[in-house]
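Commentary on secondary and tertiary structure
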Amino acid sequence: MPAQKLMEQFNLRSHLRFNIEEGNIWLDENRMLLLHASALGALRKELIQSLGIQRAKALLLRMGFESGQRDAELARKLTGSGEPYDVFQIGPQLHAFEGLVKATITEAEIDWERGSFLGAVDWQGSWEAESHIQAFGVGDEAACWTLAGYASGYVTRFFNRFVVFREEQCLCCGDDKCSIVGKPAEEWEDQEYVKLFKPDNIDREIRELQDEVSSLRETLCHQRGRGDLVGESQAFRNAFNLLERAADSPINVLLLGETGVGKEVFAHWLHKHSSRAENPFVAVNCSAIPHDLIESELFG
Ligand SMILES: [Zn+2]
């Protein structure tokens, strides 16, 4: 059935209600928003700039997916027991009705019984391409993500099978039109794209990264403070704590330990971090000085 006929048959306009007294707009039982495309475009731009292309793309795909699912429910409700393919065609009509894009189905191989699906759609007047090009100019990637998400959500809910649409041509990457192709998720070779439809927990990831940064910062700070002293064992940490306490006081310190454990390195650290750091550090090899000369050597 031609699209215009479908629109008349299901009379979408009659399901749109403006309840201005209450500040609500309703499309059947769905609360809708009439908002500035430029405001949504500004949000979209900020998402891309703050989260990077991949994360922003995933969020926008999922936002569109949600919207497509709601509309599939609405289409089913409006059309009751109409011909599945006619009902299916309401999706592009709803998308146009909501002011997002004019969508024309160019290919639809659907086997309702076997659950096989292959669809292609051409888009004209994509709000998202306009907004993206305004913000970033023409680049090298298709960018009508909310729209591709919408088509995926609509068909997935309608078909009861996870179907994913991907934009194959887009004004945003210099093509002369935008067009999408859809098929069941598992049939896509590019599974990285399919994964974008699954929510990720960005908040948890940020918190984990923050913990990691503060722990690295602490380690770095600690290591800087330790200078040449390197060690992580409990015994080392105990010795280092004592050393830190000794550095702050005028007491005499006797370092004992086998040859090669680093007594002199500890002594240097202690001198450097004590109030005597400005004075010279004098190393004396006691065993090289005869017993009866050591006193005059040290104290004159
Ligand atoms: Zn596009």
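This section reports on the structure supplied with the text. The structure presented is a predicted model; accordingly, all values stated were derived computationally and were not measured.

Once that is clear, we can look at the coordination of the zinc ion. Here the zinc ion is held by Cys-144 (SG), Glu-167 (OE), Cys-170 (SG) and Cys-178 (SG), and the distances to it run 2.0 to 2.3 Å. Taken together, the 4 donor atoms coordinating the zinc ion span angles of 101 to 118° at the metal, a pattern that classifies the geometry as tetrahedral. The sequence pattern describing where the donors of the zinc ion fall on their chain is C-x22-E-x2-C-x7-C. With a gap of 23 residues between them, Cys-144 in the loop between helix H6 (127–136) and helix H7 (145–159) and Glu-167 in strand S6 (residues 163–169) connect regions that are remote in the sequence. Pair check on accessibility: Cys-144 and Glu-167 agree, each one buried.

Inspection of the secondary structure puts Glu-109 in strand S4 (residues 102–111). Here Glu-109 falls in the partly exposed class, since its relative accessible area comes to 48%. Taking C-alpha positions, Glu-109 is 9.9 Å from Lys-183, a pair spaced 74 residues apart along the chain. Setting aside chain neighbours within four positions, we find Glu-109 in contact with Ser-116, Phe-117 and Leu-118.

Here the focus is the pattern of salt bridges. Per the stated rule, a full pass over the model turns up 13 salt bridges. Between Arg-166 and Glu-168 there is a salt bridge whose closest N-O contact spans 3.2 Å. On the accessibility criterion, Arg-166 (23% relative accessible area) is partly exposed. Residue classification places Glu-168 among the partly exposed residues on the basis of a relative accessible area of 40%.

The strand order S1-S2-S3 describes an open sheet built from 3 strands, whose pairing is antiparallel. Across the chains shown, the open sheet's two edge strands, defined by having one partner strand only, are strand S1 (16–19) and strand S3 (30–32). This sheet shows a mean twist of 30° between the axes of neighbouring strands, independent of strand direction. Examined bridge by bridge, strand S2 (residues 24–27) and S3 share 3 bridges and lie antiparallel to one another. Opposite Ile-25, over in S3, you have Met-32 as the bridge partner.

Conventions we followed
- Residues numbered from 1 in each chain as written.
- Predicted model: local features only at pLDDT ≥ 70, side-chain atom pairs only at ≥ 80, totals over all residues.
- Heavy atoms only, no water.
- Donors = N, O, S within 2.8 Å, 3.2 Å for Na, K, Ca; no water.
- Tetrahedral: all angles 85-135°; square planar, octahedral: opposite > 155°, others 65-115°.
- Helix = DSSP H or I, 4+ residues; strand = E, 2+ residues; numbered from the N terminus.
- Buried < 20%, exposed > 50% of the residue type's maximum accessible area, 1.4 Å probe, protein only.
- Contact = heavy atoms within 4.5 Å.
- Salt bridge = Lys/Arg side-chain N within 4 Å of Asp/Glu carboxyl O.
- Pairing = 2+ DSSP bridges.
- Axes fitted to C-alpha atoms, helices over the stretch in contact; angles between N-to-C directions.

Remember that the coordinates give geometry; whether it matters functionally is a separate question.
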